[in-house]
Amino acid sequence: MTSMSRARVARRIAAGAAYGGGGIGLVGAAAMGLLLAEVRLARRQVGNGTTPHVPQADGRYGHAYTVVGEPPLRLVMLGDSTAAGQGVHRAGQTPGALLASGLAAVAERPVELRNVALPGATSDDLDRQVALTLSDPARVPDVCVIMIGANDVTHRMPATRSVRHLSSAVRRLRTAGAEVVVGTCPDLGTIEPVQQPLRWLARRASRQLAAAQTIGAVEQGGRTVSLGDLLGPEFEANPRELFGPDNYHPSAEGYATAAMAVLPTVCAALSLWPADEDRPDASRREGFLPVARAAAEAASEAGTEVAAALPTGPTGPWALLKRRRRRRVRPTEPTPAVNVAQGEAGSSSG
């Protein structure tokens, strides 16, 4: 599928989400039936009887930067098993911990991490997760990172419904005063046990959803980072290194790769990145595009950021497409924070 045709599909999905449509699917009905049959087969191979493990990473990071009278930055992770960090063994290896450690180093300020993500979640669980995140009006997060979408594809959730829930979540968080960064749907065509034709169908569905998620999130004031193509080639080339023991969830190295791509956007959202980094660099093929075109381009390229720019143009809202330089982060373990909520997210497999 070309970038232009993907942009048209993404725009239709986003429009359906905004205006209450529910019947726009990711792929045709016959193809989806085959996709689901292959998913069931793949799921029997993935996991190998392993028990889902999600390390508890909530706590405070960057104690070396503590300044009397200056509160820590608050970071909340929302989403599914990827946001939770399922598949690694230590708290410091989860994406939340990696982002909190990196953010503390850039801001030179402690970061308090809370994770309300739920393994197995689809986008309709974001309503509950946002309610948890905003349950204390005195502790609104400075920034929220959402990673969601894979289970929406495998559970056959209509794309319009998926995007509607994500857009609502971004809008509620932004209205409360939090910055929002969305890691869009990963490329399910890279999961090792998945075979053709599921691999092609899963890749197409994943990228269509990622593009539509980008439109929905950006139009509500959030920023997005493409996770699909970022991890895809590396997972295919190095499955033993970048997949965890269940061959489905990322390993510690895989999560670190994702965190390196998301961290610059988190810092930019909090105005912690150098100002000249926000100007588009033509040599890196960055620039202002209609939001649907920017979303389609981002869905196909590693770690690409999309953020709102001009309010409108000849074809609707415009966005800034950026290819930020990744920043490596070092895993560190959390120090429990007195007021960080524990155990509210629960867990399940998926």
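About the criteria used
Residues numbered from 1 in each chain as written. Predicted model: local features only at pLDDT ≥ 70, side-chain atom pairs only at ≥ 80, totals over all residues. Heavy atoms only, no water. Axes fitted to C-alpha atoms, helices over the stretch in contact; angles between N-to-C directions. Helix = DSSP H or I, 4+ residues; strand = E, 2+ residues; numbered from the N terminus. Parallel < 35°, antiparallel > 145°, perpendicular 65-115°, else oblique. Left-handed = near helix turned anticlockwise from the far one by under 90°. Contact = heavy atoms within 4.5 Å. Nonpolar A, V, L, I, M, F, W, Y, C, P; charged D, E, K, R; others polar. Pairing = 2+ DSSP bridges. Salt bridge = Lys/Arg side-chain N within 4 Å of Asp/Glu carboxyl O.

Draft legend 1. Quick look at the packing of helix α4 (residues 95-107) against helix α11 (residues 252-269). Between α4 and α11, the least distance of the axes is 9 Å, while the angle of their chain directions is 45°. By the angle class used here, α4 and α11 are oblique. Where α4 crosses over α11, the handedness of that crossing is right-handed. Contacts between α4 and α11 involve P95, L98, L99, G102, L103 and V106 from the former and Y255, A256, A259, V262, L263, V266 and C267 from the latter. Of the residues belonging to the contact of α4 with α11, the class tally is 12 nonpolar, one polar and no charged.

Draft legend 2. Structural detail: the pairing of strand β8 (residues 305-308). Where strand β6 (residues 223-225) lies against β8, three bridges are found, and the strand directions are antiparallel. Opposite T224, over in β8, you have V306 as the bridge partner. Here β8 pairs with strand β9 (residues 318-322) via four bridges, running antiparallel. By the bridge assignment for β9, E305 is matched with K322.

Draft legend 3. Looking closely at the pattern of salt bridges. Enumeration according to the criterion identifies 13 salt bridges in this entry. Between R161 and D124 there is a salt bridge whose closest N-O contact spans 3.0 Å. With R161 in helix α7 (residues 159-176) and D124 in the loop between β3 (111-115) and α5 (126-133), this residue pair connects regions lying 37 residues apart in the sequence. Between E301 and R285 there is a salt bridge, with its nearest N and O atoms 3.1 Å apart. Placement of E301 in the loop between α12 (291-299) and β8 and of R285 in the loop between α11 and β7 (287-290) is noted, with a sequence separation of 16 residues between them.

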